[in-house]
Amino acid sequence: MMDKRFLCCGILLAAGQGKRFDPSGRQHKLLQVLPSGQNVVSASARNLQQVFPRSWAVLADQSSTIQSSLQALNFPTYFCADAALGMAHSLRTGIEQLPVDADAFVIALADMPFVSVQTLMAIRDSLAKGADIVVPVYLGQRGNPVGFSRKHLPDLHSLHGDRGARQLLQTQSVTEIEVDDPGILQDIDRPEDLSIDNEC
């Protein structure tokens, strides 16, 4: 049985510009409505919140409609003034909010609303059993989100630019967990991605 004292938090990165979705910038991909009726960022946040009650999002703009969507879910938000410099800056802002008693955390991407709750639970449980880095795998391909034990905080704090956490996945020991979840590979990059059939 999982140790009830184990605390794993969820960090939702939602500070990207989404320019591939709409180069004009008029339609932010995180605010687009999915077949479920939720917008992208709300669906991603709800999934994370179900498994990790201690979760929060990192945004680039304090006055954004994205923040309003998350506030409606009582989902805390923090802001990264340097978000435009790359994902590593948003990531650092996110991990700076970790409580001192957090044992581990999961880094999720706000434009991946199709990740299943079961996958998030499997990542959490693997971390609770002692894994240091956990990556879900579907049909042989690694996806997101990724879980980390707090021992990797110094490494993540040292990242710069748009490298994100990928560098650690290439240089550190990683626990891969097989999941029956195509959602770990499906992000929202183009308008047609909004209607992905997650059962395929």
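Overview of the structure. All values reported here derive from a predicted model rather than from experimental measurement. (Residues numbered from 1 in each chain as written. Predicted model: local features only at pLDDT ≥ 70, side-chain atom pairs only at ≥ 80, totals over all residues. Heavy atoms only, no water.)

1. Looking at unusual backbone geometry
And step 1. Cis geometry marks the peptide bond from N144 to P145; its omega dihedral reads 5 degrees.
And step 2. Within the secondary structure layout, P145 lies in the loop between strand 6 (141–142) and strand 7 (146–149).
And step 3. At L139, a position not held by glycine, the phi torsion is positive, near 50 degrees.
And step 4. Here L139 shows up in the loop between strand 5 (133–138) and strand 6. (Helix = DSSP H or I, 4+ residues; strand = E, 2+ residues; numbered from the N terminus.)

2. Remarks on the packing of helix 1 (residues 40–51) against helix 4 (residues 117–128)
And step 1. Contact geometry of helix 1 with helix 4 gives a least axis separation of 9 Å together with a crossing angle of 45 degrees. The angle between the axes of helix 1 and helix 4 places the two elements in the oblique class. Here helix 1 runs over helix 4; the crossing is right-handed. Contacts between helix 1 and helix 4 pair N47, L48, Q50 and V51 from the former with V117, L120, M121 and R124 from the latter.
And step 2. Considered class by class, the residues forming the contact of helix 1 with helix 4 number 5 nonpolar, 2 polar and 1 charged. (Axes fitted to C-alpha atoms, helices over the stretch in contact; angles between N-to-C directions. Parallel < 35°, antiparallel > 145°, perpendicular 65-115°, else oblique. Left-handed = near helix turned anticlockwise from the far one by under 90°. Contact = heavy atoms within 4.5 Å. Nonpolar A, V, L, I, M, F, W, Y, C, P; charged D, E, K, R; others polar.)

3. So, the pairing of strand 7
And step 1. Both faces of strand 7 are covered, namely the face carrying V146 and F148 and the face carrying G147 and S149.
And step 2. Bridge count for strand 4 (residues 104–109) against strand 7 is 4 bridges, and the pairing is antiparallel. For I107, the partnering residue across the bridge sits in strand 7 and is V146.
And step 3. As defined by bridge partners, strand 5 adjoins strand 7 across 2 bridges and the pair is classed as antiparallel. Its bridge partner being in strand 7, V134 is matched across the sheet by G147. (Buried < 20%, exposed > 50% of the residue type's maximum accessible area, 1.4 Å probe, protein only. Pairing = 2+ DSSP bridges.)

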